[in-house]
There are 4 protein chains.
Amino acid sequence: MPGTPASRPLRVAVLGASGRMGSEACRAVDGAEDLELVARIGREDDLSAVVDAGAQVAVDLTVPAVTAQNVDFLVEHGIHAVVGTTGWDDESRGALRRRLEEAPGVGVLIAPNFAIGAVLTACFAEIAARYYESAEIIEMHHPDKLDAPSGTAVHTAAAIARGRAAAGLGPVPDATEKDPQGARGAVVDGVHVHAVRQRGLVAHEVVQFGGVGEQLVLRHDSFDRVSFMSGVLLGVREVGSRPGLTVGLDGYLDLG
Amino acid sequence: MPGTPASRPLRVAVLGASGRMGSEACRAVDGAEDLELVARIGREDDLSAVVDAGAQVAVDLTVPAVTAQNVDFLVEHGIHAVVGTTGWDDESRGALRRRLEEAPGVGVLIAPNFAIGAVLTACFAEIAARYYESAEIIEMHHPDKLDAPSGTAVHTAAAIARGRAAAGLGPVPDATEKDPQGARGAVVDGVHVHAVRQRGLVAHEVVQFGGVGEQLVLRHDSFDRVSFMSGVLLGVREVGSRPGLTVGLDGYLDLG
Amino acid sequence: MPGTPASRPLRVAVLGASGRMGSEACRAVDGAEDLELVARIGREDDLSAVVDAGAQVAVDLTVPAVTAQNVDFLVEHGIHAVVGTTGWDDESRGALRRRLEEAPGVGVLIAPNFAIGAVLTACFAEIAARYYESAEIIEMHHPDKLDAPSGTAVHTAAAIARGRAAAGLGPVPDATEKDPQGARGAVVDGVHVHAVRQRGLVAHEVVQFGGVGEQLVLRHDSFDRVSFMSGVLLGVREVGSRPGLTVGLDGYLDLG
Amino acid sequence: MPGTPASRPLRVAVLGASGRMGSEACRAVDGAEDLELVARIGREDDLSAVVDAGAQVAVDLTVPAVTAQNVDFLVEHGIHAVVGTTGWDDESRGALRRRLEEAPGVGVLIAPNFAIGAVLTACFAEIAARYYESAEIIEMHHPDKLDAPSGTAVHTAAAIARGRAAAGLGPVPDATEKDPQGARGAVVDGVHVHAVRQRGLVAHEVVQFGGVGEQLVLRHDSFDRVSFMSGVLLGVREVGSRPGLTVGLDGYLDLG
């Protein structure tokens, strides 16, 4: 850790350690000098092992069915939590918030997307949207993906819609009268979203803004699952100093 | 003209000279040292002016309703024709071919697209399509365009389909099961085509090919209508040495 | 003007009205419903015409030799100024600041770049730079440009350097040992900058950030000088409510 | 193998099997239904094992110091060779050609680049170069690469130079007078080449062509070393039907 060579490493547990993301997270924590991986918890393991190992922070990369009770357990034992599992809704987040009120020093980060680049793209898109007449999204993924458009693209479309609303912009200009096969793609929150599926790609997002005589493009490419790990590590390092519930990695980024 | 300073300029007429493309063509012919603009024919003018002016080549940029009879007139008078007007079908092209048999020295070029870059893109796409599992097209235009997808994209999709068929490739891989809003776009000849409409753009085409671990992208940008003029001038210079009917500017390009 | 239909148009003068940027600005002001072009001042004209016309805001798009005295005159007469002329340095800006202290209600905006997209790109680049190991710039312009790299690219490189410094990042990784012809380009504030010169382009900037397994790209394309006008109009509308000196259009953008 | 289900698999040996490319090649051959991996030859192994295993084709992915004598041995034993090792020059290729005259049925392919996309890019670049005033190359690689520009970019620059020469084009337009830090990059065969080094990238090449009002871009991305394998497999399958020496994978591609 820069500047604090004498500090002892942060003790970290990973829940869902045998899954794809979880094993990647174990490797990332293991490889960081300022962190120590003290527990790898799989589906069969008892959560008490996290407490026994003296973990200060736990990363939850399990499944929707168990993530809420995992986090309850962690909060109860004063362990900060970084959560990448999907499946949280308004109700479960509300319940968690109430529980955190009774555990004042504990921090929880729930992040639907740990790719810092994707988070920055959505933040920048919301700002840029205020200044451009046109905005469109093209998301590109490997051809084994089952759904379209991607959750990231839907999230970015919502950010663009917020930016446009804040600037008092109306609908995007589009004179299309004849499009029998649907080439104009999906419309999410008033923003056209196109989904490309292509062998060799992983997860990519292109956001295009257009005004008279100009264009602004934001593009994020995830070439490998390992790209999510810098966001996970950022969360692990920061969560202890951010008590209460934070939703979205952008809450931890320095966007000033 | 390089190497032949003593040669006299080629005498050129433009039909449809007051239209947007026609006036651009007049300017281009006028600006070329090896060409002389001898007649600008508008809607009201008589075609005999083309003959009177001693034109050797005529560029037809009129409208579907009159282009066939214009070309008949030109062939009859031994004037080569470069035709950018749409509206030609199998029947009218067949009739023109028979007429050209009786005018053995006369050349006619009918080109639906004079942008050399767009023509090269379609040619390259047909070749590349043989070697890639995935292929997709994104066309992007100004938001005042009425139809989607663009004719250029449909033409390129057909080229890709020919390339895939020649290589014995089956359908592109696509596991999409859930796409309620149509984010996957149009499917033309088995190729997904996406249409973006954005203020500030003119006419752009992106063709993406994907294989395991790699991607090939072909992209053509027309920033201005003037980009079509290098194709028109190429046609004007070459048509005299290519008797009979040629369909498509690619017939004049050196693609070896 | 949204919400204030009854308000009278803002009275605007343009200095340098016969130059390329100036005439574009006249056209833009003329075309805006909430603005009224009341004076076009050329090289020969007397500045008193700006006062006589009752201008509330003046746009200075003249030349380095006269811009400072123009702005002095405007401030003295209580006219807000939006300045796009280059040639301002620390000394002239300091003198202007002192003068503005004696004219408390008057606002001056000096903006080296009125392209909102270029300004956003630099702002976003400074933020993103904190989170990526690698950062590089490619600027692309028409081949008639005399200098390389562009001022915009140099400005962006400085923003990236600030972002990296704030995050405690060291030099970008680069193992290059052998580069006899200088393919790695210029190094500005520790950031490699590449300059492409290509017929058909106008002014384009690509900023690339790289981390393990991912990439973030910011790209701005100016296809036409008219793209600067949305920034000029933004300045004209806002300068009256921002007394004192503001340097850089980013001071007027809502980047929160 | 399409259409010949009854045919027996081709027997293939890999030389340099324990290297990075070699082990990738073993995996690719192993995974292809129409091929059988019969020998993996490492540094310590005797070449006679290739003969003993009854290999019909051998892939040489060794080192410059031994590749020539490996190929001599293979030719002598009537085994076709697909060679990806660098270090061949005019002299060694000439010697090999003479040797092949005495082994009339044997085919050898020496390919400096097995990425089909990179080979297509160079071919397309040579064609497109005839029709555009400007041409420039940007190659992008991981930051651990020792030399700049890449061999692929140098090869593509030569292809562009051939295309321009064939069309009688002079130097690219470039008015740059002031470029103190070398932002315009390297000049290879008259073509400006820029090298980007960025964490997260593997091997990428962008070729840009510009004319009045338009742009054509060719881009190839290798995200993973596995992308070279489709070229290796193409070579393995074809080399037996192409006696004599072929230099460059483009000789095997259907570019008509």
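Residues numbered from 1 in each chain as written. Chains lettered and ligands numbered in written order. Predicted model: local features only at pLDDT ≥ 70, side-chain atom pairs only at ≥ 80, totals over all residues. Heavy atoms only, no water.

A. Region of interest: the overall build of chain A. In terms of regular secondary structure, chain A is built from 7 helices and 11 strands. Overall size of chain A, expressed as C-alpha extent along the three principal axes, is 65 × 40 × 40 Å. Pairs at least 24 residues apart make up 71% of the contacts formed inside chain A by residues separated by at least 6 positions. Accessible area for chain A stands at about 10500 Å²; split by element, carbon and sulfur atoms hold 50% of it. For chain A, the separation between the mean place of its 22 positive charges and that of its 34 negative charges on side chains is 2 Å. (Helix = DSSP H or I, 4+ residues; strand = E, 2+ residues; numbered from the N terminus. Contact = heavy atoms within 4.5 Å. Areas by Shrake-Rupley, 256 points an atom, 1.4 Å probe, with all protein chains shown as cover. Lys, Arg positive; Asp, Glu negative; His and termini not counted. Charge placed at Lys NZ, Arg CZ, Asp CG, Glu CD.)

B. Layout of the relation of the copies chain C and chain D. Superposing chain C onto chain D takes a rotation of 180° combined with a translation of 0.0 Å along the rotation axis, leaving an RMSD of 0.1 Å. The operation mapping one copy onto its partner corresponds to a two-fold rotation axis. It is C:Gly185 whose C-alpha, among those of chain C, lies nearest the rotation axis, at 2.4 Å. Interface overlap between copies: 100% of the residues of chain C at the interface are likewise at the interface in chain D, consistent with a symmetric, same-surface contact. (Least-squares fit on C-alpha atoms with pLDDT ≥ 70 in both.)

C. A negative patch on the surface, seen in detail. Judged by side-chain charge, A:Glu44, A:Asp45, A:Asp46 and A:Asp52 come together as a negatively charged surface patch. Its place among the elements puts A:Asp45 in the loop between strand S2 (35–41) and helix H2 (48–52). (Patch = residues over 30% accessible without salt bridge, like charges linked within 9 Å, V, L, I, M, F, W, Y side chains within 5 Å. Salt bridge = Lys/Arg side-chain N within 4 Å of Asp/Glu carboxyl O.)

D. A look at the pattern of salt bridges. Scanning the entire structure with this criterion turns up 60 salt bridges over all chains. Linking B:Asp221 and B:Arg219 is a salt bridge whose minimum nitrogen-to-oxygen distance equals 3.0 Å. D:Glu139 is the salt-bridge partner of D:Arg197, the closest N and O atoms lying 2.8 Å from each other. Within this pair, whereas D:Arg197 is found in strand S8 (residues 191–197), its partner D:Glu139 is found in strand S6 (residues 134–141), the two being separated by 58 residues in sequence.

E. Representation of the interface of chain C and chain D in the model. With 45 residues of chain C at the interface, the matching set in chain D holds 45 residues. For the pairing of chain C and chain D, the buried interface totals around 3300 Å² over both sides, and the portion due to carbon and sulfur atoms is 51%. Linking chain C to chain D there are 2 salt bridges. C:Arg199 is paired through a salt bridge with D:Glu133; the nearest N and O atoms lie 3.0 Å apart. Joining chain C to chain D, the criterion identifies 28 residue pairs in polar contact (both at pLDDT 80 or more). Only strand S6 (134–141), strand S7 (186–188), strand S8 (191–197), strand S9 (203–211) and strand S10 (214–222) of chain C provide two or more residues apiece to the side of chain C that touches chain D. With 5 residues, S8(C) is the single largest residue contributor to the side of chain C that touches chain D. The residue inventory of the side of chain C that touches chain D, partitioned by class, reads 19 nonpolar, 13 polar and 13 charged. (Buried area = accessible area lost by both parts, 1.4 Å probe. Polar contact = N/O pair within 3.5 Å; in protein donor to acceptor, adjacent residues only side chain to side chain. Nonpolar A, V, L, I, M, F, W, Y, C, P; charged D, E, K, R; others polar.)

F. Highlighting the packing of aromatic side chains. All chains considered together, the criterion is met by 8 aromatic pairs over all chains. With a centroid separation of 5.9 Å and 35° between ring planes, the pair formed by A:Tyr132 and A:Phe209 is classed as tilted. Placement of the pair is A:Tyr132 in the loop between helix H5 (116–128) and strand S6 (134–141) and A:Phe209 in strand S9 (residues 203–211), with a sequence separation of 77 residues. With respect to burial, A:Tyr132 and A:Phe209 carry one shared label: buried. The interplanar angle of 5° and the centroid separation of 4.3 Å between the aromatic rings of B:Phe124 and D:Phe124 together place this pair among those described as stacked. With B:Phe124 in helix H5 (residues 116–128) and D:Phe124 in helix H5 (residues 116–128), this pair bridges two chains. The exposure classification of B:Phe124 matches that of D:Phe124, with both residues buried. When the ring centre of A:Tyr252 is taken as origin, the NZ or CZ atom of A:Arg242, which lies over that ring, is 4.7 Å away. (Phe/Tyr/Trp six-rings, centres within 6.5 Å; stacked < 30°, edge-to-face > 60°. Buried < 20%, exposed > 50% of the residue type's maximum accessible area, 1.4 Å probe, protein only. Lys NZ or Arg CZ within 6 Å of the ring centre and 35° of its normal.)

G. Quick peek at helix H4 (residues 90–101) of chain B. For H4(B), built from 12 residues, the straight-helix expectation of 16 Å at 1.5 Å per residue is met to within 8% by its first-to-last C-alpha distance of 17 Å. On its buried side, H4(B) packs onto helix H3 (64–76), strand S5 (107–110) and strand S11 (244–247) of chain B. (Expected span 1.5 Å × (residues − 1).)

H. Spatial organisation of the domain arrangement of chain A. All names here are of chain A. Domain boundaries in chain A define domain 1 (10–110 + 226–252) and domain 2 (116–223). The distance between the C-alpha centroids of domain 1 and domain 2 comes to 31 Å. Taken together, the 7 residues of domain 1 in the interface contact 4 residues of domain 2. Across the domain 1/domain 2 interface, buried area totals approximately 390 Å², and carbon plus sulfur atoms make up 72% of it. Contact with domain 2 buries surface across domain 1, with Ser227, Leu249 and Asp250 losing the most and accounting together for 67% of the total. For the interface between domain 1 and domain 2, the tally reads 0 salt bridges. Counting every contact that joins domain 1 to domain 2 gives 1 residue pair in polar contact (both at pLDDT 80 or more). A breakdown of the residues in the side of domain 1 that touches domain 2 according to their chemical character gives 3 nonpolar, 3 polar and 1 charged. (Domains from an automatic or database assignment.)

I. Looking closely at the sheet that holds strand S11 (residues 244–247) of chain A. Residues and elements named next belong to chain A. If you walk across this open sheet you meet the 6 strands as S2-S1-S3-S4-S5-S11, and the pairing is parallel. Lying at the two open borders of the sheet, with one neighbouring strand each, are S2 and S11. Looking at each pair of strands side by side, their axes are set apart by 20° on average, direction ignored. Where helix H4 (residues 90–101) meets the sheet, its contacts fall on strand S5 (107–110) and S11, and the angle it forms with S11 comes to roughly 150°. (Pairing = 2+ DSSP bridges. Axes fitted to C-alpha atoms, helices over the stretch in contact; angles between N-to-C directions.)

J. Region of interest: the nonpolar core. The biggest cluster of nonpolar side chains holds 99 residues, and the ones touching the most others in it are B:Phe209 and D:Phe209. Top contributing element to this core by residue count: H5(D), with 9 residues. Aside from chain neighbours lying at most four places away, what touches D:Phe209 is C:Gln198, D:Ala125, D:Ala128, D:Ala129, D:Tyr132, D:Ser134, D:Ala135, D:Ile160, D:Glu214, D:Gln215, D:Leu216 and D:Leu218. (Core = buried A, V, L, I, M, F, W, Y, C linked by side-chain atoms within 4.5 Å.)

K. Structural context of the sheet that holds strand S2 (residues 35–41) of chain D. Residue and element names in this part refer to chain D. The 6 strands are arranged S2-S1-S3-S4-S5-S11 in an open sheet whose pairing can be described as parallel. This sheet does not close on itself; its edge strands, each paired only once, are S2 and strand S11 (244–247). The mean angle between the axes of side-by-side strands here comes to 20°, regardless of whether they run parallel or antiparallel. Relative to S11, strand S5 (residues 107–110) runs parallel, the two being bridged by 4 bridges. Looking at the pairing, Ile110 lines up with Val247 of S11. On top of the sheet, helix H1 (residues 20–31) reaches strand S1 (10–15) and S2; it is set at about 155° to S2, its chief contact. Lying over the sheet, helix H4 (residues 90–101) contacts S5 and S11, oriented at roughly 150° with respect to S11.

L. Examining the environment of C:Lys145 more closely. Mapped onto the elements, C:Lys145 comes out in the loop between S6 and helix H6 (151–166). Measuring from C-alpha to C-alpha, the distance between C:Lys145 and C:His194 comes to 14 Å, with 49 residues separating the pair along the chain. What C:Lys145 contacts, discounting residues up to four positions off in sequence, is C:Ser150, C:Arg197, D:Ala175 and D:Thr176. Among the polar contacts made by the side chain of C:Lys145, one reaches the side chain of C:Asp147 at a distance of 3.3 Å.

M. Fine view of the UniProt feature "binding site: (S)-2,3,4,5-tetrahydrodipicolinate" (unreviewed entry) in chain A. Residues and elements named next belong to chain A. UniProt marks His142, Gly151 and Thr152 with the feature "binding site: (S)-2,3,4,5-tetrahydrodipicolinate" (unreviewed entry), using the numbering shown here. Locating His142 in the fold gives a position in the loop between S6 and helix H6 (151–166). Excluding residues that lie within four positions of it along the chain, His142 makes contacts with Arg197, Gln198, Leu201 and Val202. Inspection of the secondary structure puts Thr152 in helix H6. Apart from residues lying up to four places away in sequence, Thr152 is in contact with Asn113, Ala118 and Glu205. (UniProt positions renumbered as here; feature names shortened; annotations may be inferred.)

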